[in-house]
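Descriptive structure summary
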Amino acid sequence: MTTLYCDTFSGISGDMTIGLLVDLGLDLKDLRTELEKLPISGYRLEQTLEKRHGIGGTRIVVGCDGGQPSRTWSEIDAMIAESALDEAVKSSARRIFRCLGEAEAHVHRIALDEVHFHEVGAVDAIVDIVGTAIGLQLLAIQDVVCAPLPLSAGMTRGSHGSIPLPAPATLQILAGHPVRNADCDRELVTPTGAAIAATVARFGPMPEMTIDRTGYGVGGWDLDDRPNLLRGILGRRGPAATFAEDSVTVIETHIDDSSAELLGALIDRLISDGALDAALSPLLMKKNRPGSCLTVIAEPHHAATLAQTILRQSSAIGVRMHETRRIKLRRQSATVRTSLGDAAVKLIYEAERLLRITPEHDSCQQLARASGRPLPEVYRIVTAAANRQFGLEN
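This structure is a prediction, so every number in the text was calculated from the model and none was measured. (Residues numbered from 1 in each chain as written. Predicted model: local features only at pLDDT ≥ 70, side-chain atom pairs only at ≥ 80, totals over all residues. Heavy atoms only, no water.)

**Quick look at the environment of His108**
To keep it simple, the criterion reads: Per the convention used, a helix needs a DSSP run of H or I reaching at least four residues, while a strand needs a run of E reaching at least two, with both numbered from the N terminus. A 1.4 Å probe rolled over the protein chains alone gives each residue an accessible area, and that area as a share of the maximum for its type sets the label: buried under 20%, exposed over 50%, partly exposed in between.
Assignment of secondary structure puts His108 in helix α4 (residues 87-108). Overall, the relative accessible area of 36% leaves His108 in the partly exposed class. In the structure, His108 is positioned 119 residues away from Pro227 in sequence and 33 Å away in space, judged by C-alpha atoms.

See below:
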């Protein structure tokens, strides 16, 4: 499995990510060719070799020759969806843009469809995000791991005036993800960089792998205390690494004095608070009382909050917690077109091999209600369309 580890000692931005991928071997001509499949013009990609603190890397700048229109999130999403780009590239780019758009919508207290990306900033974001999705595919990178992101303090300028660091959209995007204090007053992590990391990468330490090569994406700052670079370590993991790996915290407790209604509400609350999964299994407890074992699986940085929720929202007076290693198949979200409308699906991979496609229940439920078709029939229609679209037909 080809794995990219992003060493974010000086943050991450969209242009640094593109620069890193080019420095790792992405051919700029191939990138330009793919980007030409989008209906945008009047921009150019400029590549230079620059140094920060004596370390060389690739800097990519998006230059604009003239005026650019302001574009809404929905216009950009439709532009990508209707383009001739590869389906996997479109799916990845749309997920990153949705992450960015939802954060901006939350910050400005507006609907997602009302989010605007202004003029040149829209072209920058489109090229950075779609270019990242293209680069990951052309370099056949199957797994991206990212170090915790360094967040700065201070003020910066945005399209609406002065804003505090970290930028509000950056903070919104990184909710639930590990960060650290950057001890810096410059914007090291941009909203676009945060959206890329939060969407395509999993956060954690550098995985065990054989290093193939190292690259550096150069940022625009010239800092005294650190080189403004995004370092990427590209390597290979052996056959045992065809499954993705991470660590999770398992939280358990036994409950024998709560009603089914309260336990059901607790499960809903835990999932909304960030649990990866939560389940109840029946027990026969002391004094022959029927009870339940509550098991919650969580990312380690969410464990303390979820344990607190259990102790406050249930009759439990204690919980057991332990960290464990998890291996899993790689999942990727995608959209398929069916006779009933667009439907969301999950693509399930072992390394680079697509094993199966699973329709998303909520999406199928919406199509069933809109069309009046039975839900099982909608599942069959979506599954058949997805198998055709991604080449899984027998």
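**Re the side chain of Thr253**
Operational definition: For this analysis, a polar contact is any N or O atom pair within 3.5 Å, provided that within protein one partner can donate a hydrogen and the other can accept it, and provided that sequence-adjacent residues contribute only side-chain to side-chain pairs. Pairs of residues are marked as contacts when any of their non-hydrogen atoms sit within 4.5 Å.
Position of Thr253 relative to the elements: it lies in strand β14 (residues 244-255). Among the polar contacts listed, one links the side chain of Thr253 to the backbone oxygen of Gly318, at a separation of 2.7 Å. Beyond its immediate stretch of four places on either side in the chain, Thr253 contacts Ser292, Cys293, Leu294, Ile310, Ala316, Gly318, Val319 and Arg320.

**A look at the environment of Lys328**
Structurally, the position occupied by Lys328 is in strand β17 (residues 320-328). Setting aside its immediate chain neighbours within four residues, Lys328 contacts Phe243, Ala244 and Asp246.

**As for helix α9 (residues 303-313)**
Given 3.6 residues per helical turn, the α-helix brings residues three or four places apart onto the same face. Worth spelling out the cut-off: The directions considered for the arc are those from the helix axis to the C-beta atoms.
Taken together, the buried positions of α9 are occupied by Ala303, Leu306, Ala307, Thr309 and Ile310. In an axial view of α9, the angular spread of the buried residues amounts to 155°, which keeps them on one side of the axis. When the buried face of α9 is taken as reference, the exposed residues oriented beyond 90 degrees from it are Ala304 and Arg312. Structurally, α9 contributes buried residues whose contacts are with β14, α8 (260-272), β16 (289-298) and β17.

**Considering unusual backbone geometry**
The omega angle of the peptide bond from Leu165 to Pro166 is -5°, so this bond is cis rather than trans. Position of Pro166 among the secondary structure elements: in the loop between β9 (161-165) and α6 (168-173). Phi at Arg109 is positive, roughly 55°, even though this residue is not glycine. Residue placement: Arg109 occurs in the loop between α4 and β5 (116-117). Backbone geometry places Asp183, a non-glycine residue, at a positive phi of 50°. Residue position: Asp183 is located in the loop between β10 (179-181) and α7 (191-200).

**Describing the nonpolar core**
Using the following cut-off: Only buried residues count toward a nonpolar core, which is a set of Ala, Val, Leu, Ile, Met, Phe, Trp, Tyr and Cys residues joined through side-chain atoms within 4.5 Å.
In this structure, Leu35, Leu38, Leu45, Phe97 and Val130 are the most contacted members of the largest nonpolar core, which totals 63 residues. Among the elements that make up this core, the one with the highest residue count is helix α5 (residues 119-138) (10 residues). Leave out the neighbours within four places in its chain, and Val130 touches Leu35, Leu38, Ile80, Leu85, Val89 and Ala93.

**Quick word on the side chain of Asp128**
For clarity, the cut-off: When charges are counted, Lys and Arg contribute as positive and Asp and Glu as negative, whereas His and the chain ends are disregarded. A pairing counts as a salt bridge when a side-chain nitrogen of Lys or Arg comes within 4 Å of a carboxyl oxygen of Asp or Glu.
Within the secondary structure layout, Asp128 lies in helix α5. Salt bridges are absent for the buried Asp128, whose nearest opposite-charge side chain, Arg59, sits at 9.2 Å. Residues contacting Asp128, with those up to four places away along its chain left out, are Gly14, Asp15, Ile18, Val62, Thr192 and Ile196.

**A few points about the sheet that holds strand β20 (residues 353-359)**
Rules: Following DSSP output, two strands are said to pair if at least two bridges run between them. Helix axes are fitted to C-alpha atoms over the stretch in contact, other axes to C-alpha atoms as well, and angles between N-to-C directions run from 0 to 180 degrees.
Taken in spatial order, the 3 strands line up as β18-β19-β20 in an open sheet, and their pairing is antiparallel. Whereas interior strands pair on both sides, the edge strands pair on one side only; in this sheet they are β18 (330-338) and β20. Here the strands of the sheet are splayed against their neighbours by 35° on average, with no regard to which way each runs. Packing against the sheet, helix α10 (residues 361-371) makes contact with β18, β19 (341-350) and β20, and its axis sits at approximately 155° to β19.

**With respect to the pairing of strand β1 (residues 2-7)**
Here β1 lies mainly inside the structure; 5 of its 6 residues are buried. Strand direction decides the pairing type here: β1 and strand β13 (residues 229-236), joined by 6 bridges, are antiparallel. Paired with Leu4 across the two strands is Leu234, which belongs to β13. Here β1 pairs with strand β6 (residues 143-146) via 4 bridges, running parallel. Bridged to Leu4 within β6 is Val144.

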